[in-house]
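Residue-level listing of the chains:
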Amino acid sequence: IEGCLPVEVSDRRSPEAEAEAAARRATGGGESGTTLACLVPDRETLLQELALRSESAAAAGAPWSDELLLETEAALLLATAPPPCLRAAE
């Protein structure tokens, strides 16, 4: 999915977990200690990233204008906002 980070998570917290995963593999259970996940950034993370990029551009001598920063922030918020609830409150 665009904008997401696919990851494979392996449980390596304890020797017991590794032994259990090995036992499942041996019995044909597959990689039960491994989980596939898709990490999706939330609005706060996107705004933090925007602030960091703005600061790094300023440090490099090419600061963003206030107008560009506000336009970019507005576009991010609109793109990540949930759809409005159009049902009347009960």
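Residues numbered from 1 in each chain as written. Predicted model: local features only at pLDDT ≥ 70, side-chain atom pairs only at ≥ 80, totals over all residues. Heavy atoms only, no water.

A. Seen up close, the overall build of the protein. Within the protein, the regular secondary structure consists of three helices and two strands. When the helices and strands of the protein are read in sequence order from the N terminus, they spell out β-α-β-α-α. Taking all 90 residues of the protein together, the buried fraction comes to 7%. (Helix = DSSP H or I, 4+ residues; strand = E, 2+ residues; numbered from the N terminus. Buried < 20%, exposed > 50% of the residue type's maximum accessible area, 1.4 Å probe, protein only.)

B. Region of interest: the environment of Ser65. Its location among the elements puts Ser65 in the loop between α2 (43-59) and α3 (66-80). Given a relative accessible area of 40%, Ser65 falls into the partly exposed group. When the C-alpha positions of Ser65 and Ser54 are compared, they lie 9.3 Å apart, and in sequence the two are 11 residues distant. Polar side-chain contacts of Ser65 include one of 3.1 Å to the backbone nitrogen of Leu68. (Polar contact = N/O pair within 3.5 Å; in protein donor to acceptor, adjacent residues only side chain to side chain.)

C. Structural context of α2. End to end, α2 covers 24 Å across 17 residues, agreeing with the expected 24 Å (1.5 Å per residue, within 8%). Taken residue by residue, α2 has Leu50, Ser54 and Ala57 as its buried positions. Considered in projection along α2, the buried side chains sweep an arc of 65° and stay on one side of the axis. In this structure, α2 carries Glu44, Gln48, Leu52, Glu55 and Ala59 as exposed residues pointing more than 90 degrees from its buried face. (Expected span 1.5 Å × (residues − 1). Arc of directions from axis to C-beta.)

D. The pattern of salt bridges, seen in detail. A complete count under the given rule lists one salt bridge for this structure. We note a salt bridge from Glu49 to Arg53, for which the minimum N-O separation is 3.0 Å. Taken together, the residues Glu49 and Arg53, both in helix α2 and four residues apart, mark about one turn of the helix. On the basis of relative accessibility, which here comes to 37%, the residue Glu49 falls in the partly exposed class. (Salt bridge = Lys/Arg side-chain N within 4 Å of Asp/Glu carboxyl O.)

E. Spatial organisation of the confidence of the model for the protein. Of all residues in the protein, 84% have pLDDT values of 70 or greater, and the mean over the chain is 81. At the low end of the mean pLDDT range in the protein sits helix α1 (residues 15-26), at 72; at the high end sits α2, at 89. (pLDDT = per-residue confidence, 0-100.)

F. A look at the side chain of Ser54. By the secondary structure assignment, Ser54 is in helix α2. Other than its neighbours up to four places away in sequence, Ser54 contacts Trp64 and Leu69. (Contact = heavy atoms within 4.5 Å.)

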